[in-house]
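Take a look at the letters that make up each chain.
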Amino acid sequence: MGRILLNHVEKRYGKDKLYAVKDFNLEIRDGEFLVMVGPSGCGKSTTLRMIAGLEEITSGELYIGDTLVNDLPPKDRDIAMVFQNYALYPNMSVYENIAFGLRLRKMPKHEIDLAVKKTARKLEIEPYLDRKPRQLSGGQRQRVALGRAIVRNPQVFLMDEPLSNLDAKLRVQMRTEIISLHKQLGVTMVYVTHDQVEAMTMGHRIVVMKDGIIQQADTPKEIYNNPRNMFVAGFIGTPPINFIEGKVLEGENGLLEFHTNRHCLRIPAEASKRLKEKKQVNRTVVLGIRCENIHLESNKLEAFPHSKVKGVQKISELMGADMHLYVDIGMAKMLIVRTDSGHAGVDNETLTMAFDMNKAIFFDRDTTENLAY
């Protein structure tokens, strides 16, 4: 069983007992691919190292399968870890690196040989078995590190930013290979990264962390579309979400309106109902709108007649099939708009945009929490 349960797990350091991880509660299901993401210092690697047994737990309970492992040494936890720096033995060949853990277990020589060659074939590193790590590229070394983990057939894989030392093209390739590997093996994988693109593309679920605290644990789709708070909304998504501060006022036909000193946007019925329930009328809130939900096309402008915003295009970035526009809408605010690469606008031109207010997210200005929850 590769199920992992963290029950009120905490890690504190020093005389002042500063929290690195605080009241961490999570069940990682057997066979799940879970990604922990967040900025540097948020506690994600510390959490992974506590699961591995490389960091002592200050308080709480940690189970792997049905076994409480708080005081169990790493070698007895039936886990394998892949590190950011690969942690290969430089004086050993690829074959010896992969076989090392099996030799420690005193497996018969012929079984080790079969296991190593089978793993090498799976990872397409058979031609390099006699080479030393220094003779390999970054991607090949990463495969060796994965091979050393796979060959032991553990119930849990732990990966700590394993792709961060690779170039962009190789990162994409290795990302797909790790996803494919998980599908083949069907084991539990816990993957730590600061890269939200990796998190969105790889995980069955994502755990977003900040200051040692879980901000949200959910599917990539749910986290993108329904972030719990402004931190999650701003951390997940490229380009980042647009935030605009304004006041919620009574409008026509029982609907509410979002007012800034320059704009008035009608709030749809469902969102109006929620904001009334949350007693946000006549209060200042923060509207979040993602760049793909701001439109320039004439048919979209007609479809959203009550949510038009004018601004001046300041910068355009060609991103291949897409173009990102940075538009000054006043209020010392630059709006990011995604459009197609055929956009004919020029810098310093005034644009009329329409917000799809059905996709808008409203946040409490003081607590930063999503008002839909």
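Everything below is about the structure shown above.
Residues numbered from 1 in each chain as written. Predicted model: local features only at pLDDT ≥ 70, side-chain atom pairs only at ≥ 80, totals over all residues. Heavy atoms only, no water.

**Overview of the packing of helix α2 (residues 94–104) against helix α4 (residues 138–150)**
At a minimum axis separation of 7 Å, α2 and α4 run at an interaxial angle of 30°. When the axes of α2 and α4 are compared, the pair comes out roughly parallel. The two elements α2 and α4 cross, and the hand of that crossing is right-handed. Together, V94, N97 and I98 of α2 and V144, G147 and R148 of α4 make up the contact between the two elements. Across the contact of α2 with α4, the residue classes tally to three nonpolar, two polar and one charged. (Axes fitted to C-alpha atoms, helices over the stretch in contact; angles between N-to-C directions. Helix = DSSP H or I, 4+ residues; strand = E, 2+ residues; numbered from the N terminus. Parallel < 35°, antiparallel > 145°, perpendicular 65-115°, else oblique. Left-handed = near helix turned anticlockwise from the far one by under 90°. Contact = heavy atoms within 4.5 Å. Nonpolar A, V, L, I, M, F, W, Y, C, P; charged D, E, K, R; others polar.)

**Looking at the layout of surface pockets**
Taken as a whole, the largest pocket spans an internal volume of roughly 550 Å³. What lines the largest pocket is a set of 18 residues, and nearest its centre among them are I79, A80, M81, G101 and R152. Grouping the amino acids of the lining of the largest pocket by side-chain chemistry returns 13 nonpolar, one polar and four charged. One number sums up the size of the second largest pocket: a volume of about 370 Å³. Forming the boundary of the second largest pocket are 20 residues, of which R274, N358, K359, A360 and I361 lie nearest the centre. Secondary-structure elements contributing two or more residues to the lining of the second largest pocket are α7 (220–225), α9 (269–277) and β20 (361–364). Among the elements that take part in the lining of the second largest pocket, α9 stands out by supplying four residues, more than any other. Here the lining of the second largest pocket is built from residues that sort into ten nonpolar, five polar and five charged. (1 Å grid on protein atoms, 1.4 Å probe; cavity = no way out; pocket = protein on both sides within 12 Å on 5 of 7 lines; lining within 4 Å. Points joined across faces, edges and corners; volume = space filled by probe spheres on them.)

**With respect to the packing of α4 against helix α5 (residues 168–185)**
Closest axis-to-axis distance for the α4/α5 pair is 11 Å, and the angle between their directions is 20°. By the criterion of interaxial angle, the relationship of α4 to α5 is roughly parallel. α4 and α5 meet at a crossing whose hand is right-handed. Of α5, the residues touching α4 (which contributes G138, G139, Q142, R143, L146 and I150) are L170, Q173, M174, E177, I178, L181 and L185. Split into classes, the residues belonging to the contact of α4 with α5 amount to seven nonpolar, four polar and two charged.

**Topic: the pairing of strand β1 (residues 4–13)**
Taken together, the five bridges between β1 and strand β4 (residues 59–64) define a ladder with antiparallel strand orientation. Residue pairing across strands places L5 opposite Y63, the latter belonging to β4. Relative to strand β2 (residues 18–28), β1 is paired through seven bridges, and the arrangement is antiparallel. Pairing of V9 across the sheet is with F24, part of β2. Here β1 folds back onto β2, and the loop between the two strands holds four residues, one of which, G14, carries a positive phi near 75°. (Pairing = 2+ DSSP bridges.)

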